[in-house]
Amino acid sequence: MAENGNGAAPEMPQIKMNILTQYIRDMSFENVLAQKGGKGNVQPDVQVQVNLDAKPRDTANQFEVVTKLVVTSSDKTTKDTLFLLEIEYAGVFNIEGVPEEQMHPFLLIECPRLTFPFLRRIVSDVTRDGGFPPLNLDNIDFVQLYRAEIARRQQEAQPAS
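What you see is a predicted model; the values in this text were computed from it and never measured. (Residues numbered from 1 in each chain as written. Predicted model: local features only at pLDDT ≥ 70, side-chain atom pairs only at ≥ 80, totals over all residues. Heavy atoms only, no water.)

Attention now goes to the packing of aromatic side chains. For any pair of aromatic rings, geometry is given as the distance between the ring centres together with the angle between the planes. Inspection of every chain in the model, using the stated rule, returns four aromatic pairs. Relative to phenylalanine 132, the ring of phenylalanine 83 lies with its centre 4.9 Å away and its plane at 55 degrees, an arrangement referred to as tilted. Taken together, the positions of phenylalanine 83 in strand E4 (residues 81-96) and phenylalanine 132 in the loop between helix H2 (100-129) and helix H3 (142-157) put the pair 49 residues apart, joining distant regions of the chain. The buried category is assigned to phenylalanine 83, whose relative accessible area is 4%. Overall, phenylalanine 132 belongs to the buried group, its relative accessible area being 12%. Each ring, one from phenylalanine 116 and one from phenylalanine 142, has its centre 6.0 Å from the other, and the planes form 70 degrees; the classification is edge-to-face. Of this pair, phenylalanine 116 sits in helix H2 while phenylalanine 142 sits in helix H3, placing them 26 residues apart in sequence. Side by side, phenylalanine 116 and phenylalanine 142 carry an identical accessibility label, which is buried. An aromatic cluster of at least three residues, connected via ring pairs, comprises Phe29, Phe83 and Phe132. (Phe/Tyr/Trp six-rings, centres within 6.5 Å; stacked < 30°, edge-to-face > 60°. Helix = DSSP H or I, 4+ residues; strand = E, 2+ residues; numbered from the N terminus. Buried < 20%, exposed > 50% of the residue type's maximum accessible area, 1.4 Å probe, protein only.)

If you want it as structure tokens, here you go:
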């Protein structure tokens, strides 16, 4: 570890993060099975798409981070859609002490990691209240998701050969 001029170790940046509020920004649940009058004996196949968005707010050091989920459940045998859930879950964060070059990954990894347990509970409640067994989402690896998105953007930026 490098030393500063007086022989002591350099000071680590002091990071402060607070969740100011979190809320459902938009949500839609469609019970296709009930609308079509389908039978309840199905083999569900659940697909989850995750997108993240972060933007600064008008107040200094405040950011809104949105986790967007599209959850589609289909019957494994007939491929018929059972239900469709679309939800945007937002958190407003006050963040101080994060270096500018590290803010983007911080917003898209650490912030959704903190709000995800609340989003998971909402998904479970909505699917249960919508007439299905509660859907308990697996943990999401936000680091891997972030790396995959960066790799996708780099791939798009390269000229086609």
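Still to come is the rest of the account.
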